[in-house]
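# Topology and contacts: notes
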Amino acid sequence: MGTKAEMINSLELDGCPVEDLGLTFQYSPSSAVYGYQTVDIKPGGGEEAVTIHNLEEYIDRSLDWVFVRGVRQQLDALRQGFNTVFPWTSLGPSHPMRSAPCSAGTRTPSSPGRDHEVHGAQAGVQQGVPRVLRFVNVLVEMTGAERKAFSRGRQGTTGDR
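Cut-offs applied
Residues numbered from 1 in each chain as written. Predicted model: local features only at pLDDT ≥ 70, side-chain atom pairs only at ≥ 80, totals over all residues. Heavy atoms only, no water. Helix = DSSP H or I, 4+ residues; strand = E, 2+ residues; numbered from the N terminus. Buried < 20%, exposed > 50% of the residue type's maximum accessible area, 1.4 Å probe, protein only. Contact = heavy atoms within 4.5 Å. Areas by Shrake-Rupley, 256 points an atom, 1.4 Å probe, with all protein chains shown as cover. Salt bridge = Lys/Arg side-chain N within 4 Å of Asp/Glu carboxyl O. Polar contact = N/O pair within 3.5 Å; in protein donor to acceptor, adjacent residues only side chain to side chain.

### Regarding the overall build of the protein
A count of helical and extended segments in the protein gives 6 helices and 4 strands. In the protein, the succession of α and β elements from N to C terminus is α-β-β-β-β-α-α-α-α-α. When each of the 161 residues of the protein is scored for burial, the buried share is 21%. In the protein, the proportion of contacts linking residues at least 24 apart, taken out of those at least 6 apart, comes to 49%. Approximately 11300 Å² of the protein is accessible, and the part contributed by carbon and sulfur atoms is 56%.

### Section: the pattern of salt bridges
In the structure shown here, the tally under the stated rule is 5 salt bridges. A salt bridge links Glu57 to Lys42, with the shortest nitrogen-to-oxygen separation between them at 3.1 Å. Of this pair, Glu57 sits in helix H2 (residues 55-85) while Lys42 sits in the loop between strand S4 (39-40) and H2, and the two are 15 residues apart along the sequence. The class of Lys42 is buried, set by a relative accessible area of 15%. A salt bridge links Glu57 to Arg61, with the shortest nitrogen-to-oxygen separation between them at 2.9 Å. Placement of both Glu57 and Arg61 in helix H2 is noted, with a separation of 4 residues, approximately one turn of the helix. Among the charged side chains, a salt-bridge network with shared partners connects Lys42, Glu48, Glu57 and Arg61.

### Some remarks on the side chain of Asn54
Tracing the sequence through the fold places Asn54 in the loop between S4 and H2. Relative accessible area serves as the criterion here: at 12%, Asn54 is assigned to the buried category. Separated by 3.1 Å, the side chain of Asn54 and the backbone oxygen of Ala49 make a polar contact. There is a polar contact of 2.6 Å between the side chain of Asn54 and the backbone nitrogen of Thr51. Not counting the four nearest positions on each side in its chain, Asn54 is found in contact with Phe25, Glu48 and Ala49.

As structure tokens, then:
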């Protein structure tokens, strides 16, 4: 066994030293749909090679780009689009008993107007707001399984309970 520094310098990925992987501090997306081929994940990233000594920083910056900074614009657009259809100010917590039939996929709304009158008023949503009625119309057209999936996503759950 060598020194700690020698052991670190000898680390390999599938028999290949990190330096031989040809990595730089750039991220290359898996598809052209993103509109760019590479992006520097740190200033001058295309000029800085990844070594065993800066590998942790490379991993941290890559994860930050993929899961935070790289999707921020899409998430902001989603939030803005959703908010134009169904304002965040209209949303509030729902009582589990009121949403249980929807999350189980067993409740079939009778009609958009009637559903909104009954449940919208209980939830504190203004009646007759066109964007709210459009949203209710979308829910009415969903199958039981689709309503269940939507409701679980709204409640922050995904699996069967």
